[in-house]
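Okay, here's what each chain looks like letter by letter:
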Amino acid sequence: MKTFSPRQLGAAIGVSESTLKRWIDKGRIRGIRTSGGHRRVSMAEAARLIREQGYGLVQPDLLGLPEPPLVLDVEALVEALQAALLEGDGFRVHGLVVSRYLAGDESAAICDNLIAPAMERIGELWKDSDEGILLEHRATDLCVQALSRLRGILPRPRRTDPLAIGGAPSGDPYLLPSLMASVVLAGSGWRVDNFGPETPLASLGQCAAGTGAELVWLSFTSYGNAQRVLPEVRELAEGLRRSGIALIVGGQAWPRSPHFRTTTTTFGRSMRELFAFAQGIRLKRNLAEPRSDDDHASGGTS
Ligand code: B12
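The shown structure was predicted, so the numbers you read here are calculated from the model rather than taken from an experiment. (Residues numbered from 1 in each chain as written. Predicted model: local features only at pLDDT ≥ 70, side-chain atom pairs only at ≥ 80, totals over all residues. Heavy atoms only, no water.)

Enquirer: How should I be thinking about the site of the ligand in this particular structure?
Expert: Inspection of the region around the ligand gives 32 residues, with Asp112, Tyr174, Ser219, Ser222 and Gln252 positioned closest. Between a nitrogen atom of the ligand and a side-chain N or O atom of Tyr174, the distance comes to 2.8 Å. With respect to the ligand, the side chain of Ser222 contributes an N or O atom lying 2.4 Å from an oxygen atom. Taken together, the elements giving at least two residues each to the shell around the ligand come down to helix H6 (107-122), helix H7 (131-152), helix H8 (176-186), strand E6 (215-219), strand E7 (246-250) and helix H11 (271-288). (Near = heavy atom within 4 Å. Polar contact = N/O pair within 3.5 Å; in protein donor to acceptor, adjacent residues only side chain to side chain. Helix = DSSP H or I, 4+ residues; strand = E, 2+ residues; numbered from the N terminus.)

Enquirer: It is not clear to me how the coordination of the cobalt atom of the ligand should be interpreted in this structure. Could you clarify?
Expert: Perfect tetrahedral coordination of a metal by four donors corresponds to 109.5 degrees between them, and perfect octahedral coordination by six donors corresponds to 90 or 180 degrees. Inspection of the coordination sphere of the cobalt atom of the ligand shows a single protein donor, Tyr174 (OH), at 2.3 Å. Tracing the backbone through its elements, the reader meets Tyr174 in the loop between strand E4 (163-169) and H8. (Donors = N, O, S within 2.8 Å, 3.2 Å for Na, K, Ca; no water.)

Enquirer: When you look at helix H9 (residues 201-211) in this model, what are you seeing that I'm missing?
Expert: Owing to its 3.6 residues per turn, the α-helix aligns residues three or four sequence positions apart on the same side. All of the buried residues along H9 are Leu201, Leu204, Gly205 and Ala208. Projected down its long axis, H9 carries its buried residues within an arc of 100°, all on one side. H9 presents Ala202, Gln206 and Gly210 as exposed residues on the side facing more than 90 degrees away from its buried surface. Summarising the contacts, the buried residues of H9 are in contact with E4, strand E5 (191-199), E6 and helix H10 (225-243). One or two positions beyond H9, positive phi appears at Gly212, with a value near 75°. (Buried < 20%, exposed > 50% of the residue type's maximum accessible area, 1.4 Å probe, protein only. Arc of directions from axis to C-beta. Contact = heavy atoms within 4.5 Å.)

Enquirer: Any chance you could explain the pattern of salt bridges here in plain terms?
Expert: Close approach of charged atoms allows side chains with opposite charge to pair. Going through the model one piece at a time under the given rule, you end up with 15 salt bridges. Of the charged contacts, one joins Asp112 and Arg272 as a salt bridge, the two residues approaching to 4.0 Å between their closest N and O atoms. With a gap of 160 residues between them, Asp112 in helix H6 and Arg272 in helix H11 connect regions that are remote in the sequence. Residue class for Arg272 comes out partly exposed when judged on its relative accessible area of 42%. With a closest N to O distance of 2.7 Å, Glu238 and Arg241 form a salt bridge. Taken as a pair, Glu238 and Arg241 lie in helix H10 at a separation of three residues, close to a single helical turn. Assessed through its relative accessible area of 31%, Glu238 is described here as partly exposed. (Salt bridge = Lys/Arg side-chain N within 4 Å of Asp/Glu carboxyl O.)

Enquirer: Please clarify how the nonpolar core should be interpreted in this entry.
Expert: When a protein is soluble and globular, its nonpolar side chains tend to lie buried together. In terms of nonpolar packing, the biggest core is built from 64 residues, with Leu9, Leu85, Ile115, Leu147, Leu185 and Leu215 touching the most fellow members. Excluding anything up to four places from it in sequence, Leu185 contacts Ala164, Trp190, Val192, Leu215, Trp217, Leu274 and Ala278. One finds Leu230, Ala253, Phe260 and Phe267 within the second-largest nonpolar core, a separate group that totals 23 residues. (Core = buried A, V, L, I, M, F, W, Y, C linked by side-chain atoms within 4.5 Å.)

Enquirer: Would you mind showing me how to read helix H3 (residues 43-53) here?
Expert: Among the residues making up H3, those that are buried are Met43, Glu45, Ala46, Ala47, Leu49 and Ile50. Looking at the packing, one finds that the buried side of H3 touches strand E1 (3-4), helix H1 (6-13), helix H2 (17-26), strand E3 (39-42) and helix H5 (90-102). The positive-phi residue at the C-terminal boundary of H3 is Gly54, with phi of around 70°.

Enquirer: Would you explain the domain arrangement of the chain in this entry?
Expert: It is common to give the size of an interface as the accessible area lost on bringing the parts into contact. Structurally, the chain comprises domain 1 (3-62), domain 2 (74-152) and domain 3 (163-288). The centre of domain 1, based on its C-alpha atoms, is set 28 Å off from the matching centre of domain 2. If you look at the interface, domain 1 gives five residues, while domain 2 gives six residues. Put simply, domain 1 and domain 2 have one salt bridge between them. The residue Arg51 makes a salt bridge to Glu106 at a minimum N-O spacing of 3.5 Å. (Domains from an automatic or database assignment.)

See below:
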């Protein structure tokens, strides 16, 4: 885990080292002690402080980040991300994504308003050149890296948080939509297992019942695939209904026609809708059984 000294973090956000030490000692920031007794702060905790208190980054390089973009309107940010993706500049891609999170954007908004539109534009390139496909693959990989790093600085889930699992069905090779779903849910108080592309839906259903998952998401990006796997989706929806587990289906290639509706399934068009749906489930759950604020979850499921 990457950590920072009070001096480093203070210089990065323009606060003195002694103030940072005081905040750690008073518990305003969760500090860690090295074996030698020195105070350290994790990147996740630094991110929480920066977001909640609205600190600007005076020296972002001290936190391993590039200068934040000077532009702030969404259109310019999408263009900046598209350019960084096309140039294969992972440092800038990561910087754009993380700097929006530190500036206070929710991860769902970063996915819907920044990453998805930039990828959509990159998706026009394959029609004109053979290189387009390679650019799509590389851009996908850079977004995967940036989203994974974003997930690394989100608040850690607790053992008592509900579990969500999901993926894309067989025949669907797309990595990003399901990964986005996992990041958005992880950032809103869920333990998450993302099985990614090519997930057999029968296994997903068994896993949900066996692990006590409370939410399953499915993402469709491969056009024409929904009709083929529709019987499996219906079977999954029915099994989950019997177990009282919520299912949400989304993605650009899930058809809107009534033929694809099942009475027990919710349909969403964006990560914001996924976030809202998941928040609704959490709210009901918390009202039913108030949880204790004990230990954080550890290990793989996080
Ligand atoms: C990257 C990419 C690829 C990569 C995928 C790499 C990988 N391993 O992931 C590769 C190169 C493999 C690929 C292949 C192909 N691709 Co492609 N690809 C794309 C591209 C550029 C980005 C896809 C992506 O990741 N987007 C980011 C995601 C997150 O955005 P999103 O899908 O819009 O998701 C949002 C919402 O739908 C929603 N959402 C998504 N999932 C869920 C789930 C839930 C529960 C909820 C609530 C919401 C939700 O929230 C998301 C965020 O806002 C798109 C362009 C585009 N417009 O998306 C083309 C695109 C999808 N591909 C296309 C095509 C044609 C192909 C190929 C046929 C090309 C070819 N000649 O080989 C193949 C087919 C592959 C297949 N089996 O389906 C077309 C499809 C057009 C169509 N109508 O048929 C597109 C639209 C490009 C275009 N404009 O022509 N592709």
